[in-house]
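# Residue-level structure breakdown
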Amino acid sequence: MTLQEGAVLADAVTAPKSRRRGRIGRTSWILPSYTTLALVFLLIPIVYTIVFSFNNSIKSNISWRGFTLDKWLNVCSAQNVCQAFGNSLLIGGVATVVATTLGTMIAIALVRYRFRFRAAISLLLFLPMATPEVVLGSGLASEFLGAGVEPGLLTIMIAHIMFCISFVVVTVKARVSSLDPALEEAGRDLYGSPGQVFLRITFPLLLPGIIAAALLSFALSFDDFIITYFNSGSVQTFPTFVYVSAARGIPAEANVIASAVFFIAIVIVITQQLAAAVRRRRLARTA
Amino acid sequence: MAGAFAEAGADLELVDLHKRFPGFTAIEEMNLVIPAGSFFALLGPSGCGKTTTLRLVAGLEEATSGRILIGGKDVTETKPYQRPVNTVFQSYALFPHMSVIDNVAFGLRRRGISDAKGKSHEALALVELDHLSARRPAQLSGGQQQRVALARAIVNRPALLLLDEPLGALDLKLRRQMQLELKSIQDEVGLTFLHVTHDQEEAMTMADTVAVMNKGRIEQLGAPEMLYELPRTAFVANFLGQSNLFTGPVSGTTATSIAVDVEGTRIVVPKARAERHTGTVTVGVRPEKLTLHTEAPEVDSSRNLLGPGRVIDVSFSGVSTQYILAVPGAGTVTVFAQNMGVGPLVADGAEVWVSWSVDHGFGLEDEAPPAPRFDADTDTATIAVQKKRALMSELEEA
């Protein structure tokens, strides 16, 4: 899970947290030091990746050979890096849009309607999350082989949509079940046709959950390796590119892209927090 | 139909309305006419079918059979958004993602009515909340939210306004205030109000006509005073205020009255106030009509006398004191006495007699339920177990 999806999920799912602050005593230095150590441990690989994106490497990017901005300015100069990155974006985008749309519809249906096999479907939707990725990936690969589908962009997209749907359903379902049915009834009572009620009441109220689900889908799709590896054929995504090139030495351009993704995620999270703070202050002022 | 503004309220007519849910019948058979411009209350305990009735009228549920007519037009088959009806929901159901003014203007905008904003401000002014129009519902107090919900409904000038226990979530003082406010708004706008509530006091103070519902049927319908003075069934007698009920065979009849023999005590009720004049009859009297005596009084034929009995409980409630008496043969009798002096009239354990004017008694159509639902010494855990068993067997049948 990336930082970004964690923060989004925490925002979407948890209730407003009650903040209780205990006072730290003079003797209790254990917790702060432990926390610092844990953070250092967690952040070292990221710092390493970022630092080596500025390495003036020639072939392999293992030893430090001096600072340069060349790799940042000419990201696409290394072979296939940008193509793999582009593929990842394309697959992530398509998988997100399709999985979010289908998953949202499934979530609404599961909460709002009573039909045969409803409980069974709820349960089955958990399976892709519970099954080891190796099993899913190899299973899908043999399915595609059996059906005579050439592995490529399309098969990767289908695979990603499949596992993303489960996460979308789970995320959006929580939101749908917390939605008071009386709100939609009020909409219908106030002369809203079913389409208008969905567009003006149901959808805006579900939107935070849907956005969280979409970000989660994109993040899952973007850094999936195992399932992709089984179903990609000759197509490379960013994770498979990094894996394959690891044998010959990962080019510093890959570090650049990884660092950029990290920074973008951080910027998104900070912007979101700031926007939330501004919104809270504005509400407090009008109250 | 939904496109135009109603100039005034319309009649509501329910014809042979039935509603069955899987496993139980919510509404047995409902025939009801609510005249235009009236304030009508459906009163009953939870689960009696009153909210289902409201939802059927709003179009949020489909009737199993029967017809619903609004202003003479059959709307049974139409969708909720096609009916000239608006609802104030129990939970208010204000749209949390819209400002107060957008909430109020929602209905007008859906119908494409011009100057939705101006009309909404007027409606908000009517409930004295126009100064808060830019706020979100979450920033309002419960009473304010309730008024926004009311404004959001009446701004559409529905032929019929449905109120689903809209005051239930408010505290007592605010509720009284909102009751008066609702009543005056109804006078002002002249719409037909159909109000669903389980609060008998609320129904009696607000409505012109009250229908008491029980188990999917209307038990009795009439003006509040009439229902209180002359309840027709044991359910109405006990749901609308309290009653002392006595059951026994009719032992004598005159041209104007019947006498019931309750374990040796003669209780006389005017014929005009009794539903049945022969056989075993349940008669009753309201607790505040009773007079307490500490000595056996001399009474003439215009009064009924019970006693001697013993005071088993005295509870003081400010304006009045409630005495509970155990009268041999007649069971427990409740008396309300105004606190005109200082301190209780009689103490716990005292020997007393009660009397009341024959004209204050009433005779019921049915008999009082023979025993309370639970034994007096049953604890709540046992009741819960019994309830659960009853529910399980009900579910198995379904």
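Scoring rules and cut-offs
- Residues numbered from 1 in each chain as written.
- Chains lettered and ligands numbered in written order.
- Predicted model: local features only at pLDDT ≥ 70, side-chain atom pairs only at ≥ 80, totals over all residues.
- Heavy atoms only, no water.
- Helix = DSSP H or I, 4+ residues; strand = E, 2+ residues; numbered from the N terminus.
- Buried < 20%, exposed > 50% of the residue type's maximum accessible area, 1.4 Å probe, protein only.
- Contact = heavy atoms within 4.5 Å.
- Areas by Shrake-Rupley, 256 points an atom, 1.4 Å probe, with all protein chains shown as cover.
- Pairing = 2+ DSSP bridges.
- Axes fitted to C-alpha atoms, helices over the stretch in contact; angles between N-to-C directions.
- Expected span 1.5 Å × (residues − 1).
- Bend = angle between axes of the 7 residues up to and from the residue.
- pLDDT = per-residue confidence, 0-100.
- Disulfide = S-S within 2.5 Å.
- Buried area = accessible area lost by both parts, 1.4 Å probe.
- Salt bridge = Lys/Arg side-chain N within 4 Å of Asp/Glu carboxyl O.
- Polar contact = N/O pair within 3.5 Å; in protein donor to acceptor, adjacent residues only side chain to side chain.
- Domains from an automatic or database assignment.
- Parallel < 35°, antiparallel > 145°, perpendicular 65-115°, else oblique.
- Left-handed = near helix turned anticlockwise from the far one by under 90°.
- Patch = residues over 30% accessible without salt bridge, like charges linked within 9 Å, V, L, I, M, F, W, Y side chains within 5 Å.

Let's shift gears to the overall build of chain A. What chain A contains, in helices and strands, is 13 helices and zero strands. For chain A, the α and β elements follow one another from N to C terminus as α-α-α-α-α-α-α-α-α-α-α-α-α. Across the 287 residues in chain A, those meeting the buried criterion constitute 37%. Contacts in chain A between residues far apart in sequence, at least 24 positions, make up 73% of those at least 6 positions apart. When the accessible surface of chain A is totalled, it reaches about 17,100 Å², and 68% of it is carbon and sulfur.

The element helix α2 (residues 100-110) of chain B is extensively covered by neighbouring structure, given that nine of its eleven residues are classed as buried. What α2 of chain B keeps buried is the set Val100, Ile101, Asn103, Val104, Ala105, Phe106, Gly107, Leu108 and Arg110 of chain B. Along its buried surface, α2 of chain B packs onto α9 (181-189) and α10 (194-222) of chain A together with α3 (116-126) and α4 (142-154) of chain B. Backbone geometry just downstream of α2 of chain B places glycine 112 of chain B in the positive-phi region, at approximately 65°.

A few words on the sheet that holds strand β16 (residues 303-316) of chain B. Residues and elements named next belong to chain B. Sheet architecture is open: five strands sit in the order β15-β19-β16-β17-β18, paired in antiparallel fashion. This sheet does not close on itself; its edge strands, each paired only once, are β15 (291-293) and β18 (331-338). Across the sheet, the mean angle separating the axes of adjacent strands is 45° when strand polarity is ignored. Sheet analysis places β16 next to strand β19 (residues 351-357), joined by six bridges and oriented antiparallel. Directly across from arginine 310, in β19, lies its bridge partner glutamate 351.

The terminal C-alpha atoms of α10 of chain A lie 36 Å apart, and with 29 residues this falls more than 12% below the ideal 42 Å at 1.5 Å per residue. Its maximal kink placed at leucine 207 of chain A, α10 of chain A deviates by approximately 50°, while the proline proline 208 of chain A follows within four residues.

Right, let's get into the sheet that holds strand β5 (residues 73-74) of chain B. All names here are of chain B. Across the sheet, four strands lie side by side as β2-β1-β4-β5; this open sheet has antiparallel pairing. At either margin of the open sheet sits one strand with a lone partner, and together these are β2 (24-34) and β5. Across seven bridges, strand β1 (residues 12-21) lies against β2 in antiparallel orientation. From the neighbouring strand, leucine 12 faces β2, where its bridge partner is isoleucine 34. Its contacts with the sheet place helix α1 (residues 50-58) against β1, β2 and β4 (65-70), and it is angled at close to 115° to β1.

Turning next to the pairing of strand β13 (residues 265-270) of chain B. Residue and element names in this part refer to chain B. Pairing of strand β12 (residues 257-262) with β13, which is carried by six bridges, proceeds in the antiparallel orientation. Paired with aspartate 261 across the strands is arginine 266, a residue of β13. Linking β12 back to β13 in an antiparallel pair, the connection comprises two residues, with glutamate 263 at a positive phi of about 45°.

To continue, consider the confidence of the model for chain B. Residue and element names in this part refer to chain B. Per-residue confidence for chain B gives a mean pLDDT of 87; residues scoring 70 or more make up 92%. When pLDDT is averaged over each helix and strand of chain B, the minimum, 69, is found for helix α9 (residues 380-397) and the maximum, 96, for α2. Every residue in residues 1-5 is under pLDDT 50, and counting partners more than four places away or in other chains gives 17 contacts. Across the interface, the model reports ipTM at 0.77; the global pTM reads 0.76.

With that settled, consider the state of the cysteines. Among covalent bonds in proteins, the disulfide is the one between the sulfur atoms of two cysteines. Residue and element names in this part refer to chain A. Counting across every chain of the model gives one disulfide over all chains. At a sulfur-sulfur separation of 2.0 Å, the disulfide partner of cysteine 76 is cysteine 82. Since a negative S-S torsion denotes a left-handed disulfide, the cysteine 76-cysteine 82 link at about -85° is left-handed. Residue classification places cysteine 76 among the exposed residues on the basis of a relative accessible area of 53%.

Taken together, the contact between chain B and chain A spans 29 residues of the former and 21 residues of the latter. When the two sides are added together, the surface that chain B and chain A hide from each other amounts to roughly 2,200 Å², 63% of it contributed by carbon and sulfur. A per-residue breakdown of the area chain B buries against chain A is headed by Tyr81, His97 and Arg110 of chain B, which together make up 29% of the total. In this assembly, chain B and chain A are joined by one salt bridge. The closest approach of N and O atoms between glutamate 185 of chain A and arginine 55 of chain B, which form a salt bridge, is 2.7 Å. In this assembly, chain B and chain A are joined by seven residue pairs in polar contact (both at pLDDT 80 or more). Breaking the side of chain B that touches chain A down by element, the ones donating at least two residues are α1, β6 (85-88) and α2 of chain B.

Attention now moves to the pattern of salt bridges. Going through the model one piece at a time under the given rule, you end up with 13 salt bridges over all chains. The residue glutamate 184 of chain A makes a salt bridge to arginine 112 of chain A at a minimum N-O spacing of 2.1 Å. With glutamate 184 of chain A in helix α9 and arginine 112 of chain A in helix α4 (residues 81-112), this pair connects stretches of sequence that are 72 residues apart. Note on glutamate 184 of chain A: relative accessible area 15%, which makes it buried. Put simply, arginine 67 of chain B and aspartate 74 of chain B hold a salt bridge, and the shortest N to O gap is 3.5 Å.

Our focus in this paragraph is the domain arrangement of chain B. Interface size is commonly expressed as the accessible area that is lost once the parts come together. According to the domain assignment, chain B contains domain 1 (2-229) and domain 2 (242-371). Taking only C-alpha atoms, the centre of domain 1 of chain B and the centre of domain 2 of chain B are 39 Å apart.

What follows covers the environment of aspartate 261 of chain B. Residue and element names in this part refer to chain B. Within the fold, aspartate 261 resides in strand β12. A relative accessible area of 29% places aspartate 261 in the partly exposed class. Taking the C-alpha atoms as reference points, aspartate 261 and glycine 72, 189 residues apart in sequence, are found 50 Å from one another. Apart from the residues within four sequence positions on either side, aspartate 261 is in contact with Gly248, Pro249 and Ser251. Within the local environment of aspartate 261, its side chain forms a polar contact with the backbone nitrogen of glycine 264, the two atoms lying 3.3 Å apart.

Let us look at the packing of helix α7 (residues 133-147) of chain A against helix α8 (residues 153-177) of chain A. All names here are of chain A. Their axes nearest at 11 Å, the elements α7 and α8 cross at an angle of 135°. When the axis of α7 is compared with that of α8, the two are oblique. In the crossing of α7 with α8, the sense of the turn from one axis to the other is right-handed. Residue-level inspection shows Leu136, Leu140 and Phe144 of α7 in contact with α8, the latter providing Thr155, Ile158, Ala159 and Met162.

Okay, a nonpolar patch on the surface next. All names here are of chain A. A cluster of nonpolar side chains, contributed by Leu39, Phe41, Leu42, Leu43, Val47, Val51, Trp64, Phe67, Leu69 and Leu73, occupies part of the molecular surface with about 1,100 Å² of accessible area. With six residues, helix α2 (residues 30-52) is the single largest residue contributor to the nonpolar patch. Along the polypeptide, phenylalanine 67 turns up in the loop between α2 and α3 (70-73). We classify phenylalanine 67 as exposed; its relative accessible area is 55%.

Below, the discussion takes up the side chain of serine 88 of chain A. Relative to the assigned elements, serine 88 of chain A resides in helix α4. Ignoring sequence-local partners within four residues, the contact set of serine 88 of chain A consists of Phe222, Thr237, Phe238 and Pro239 of chain A.

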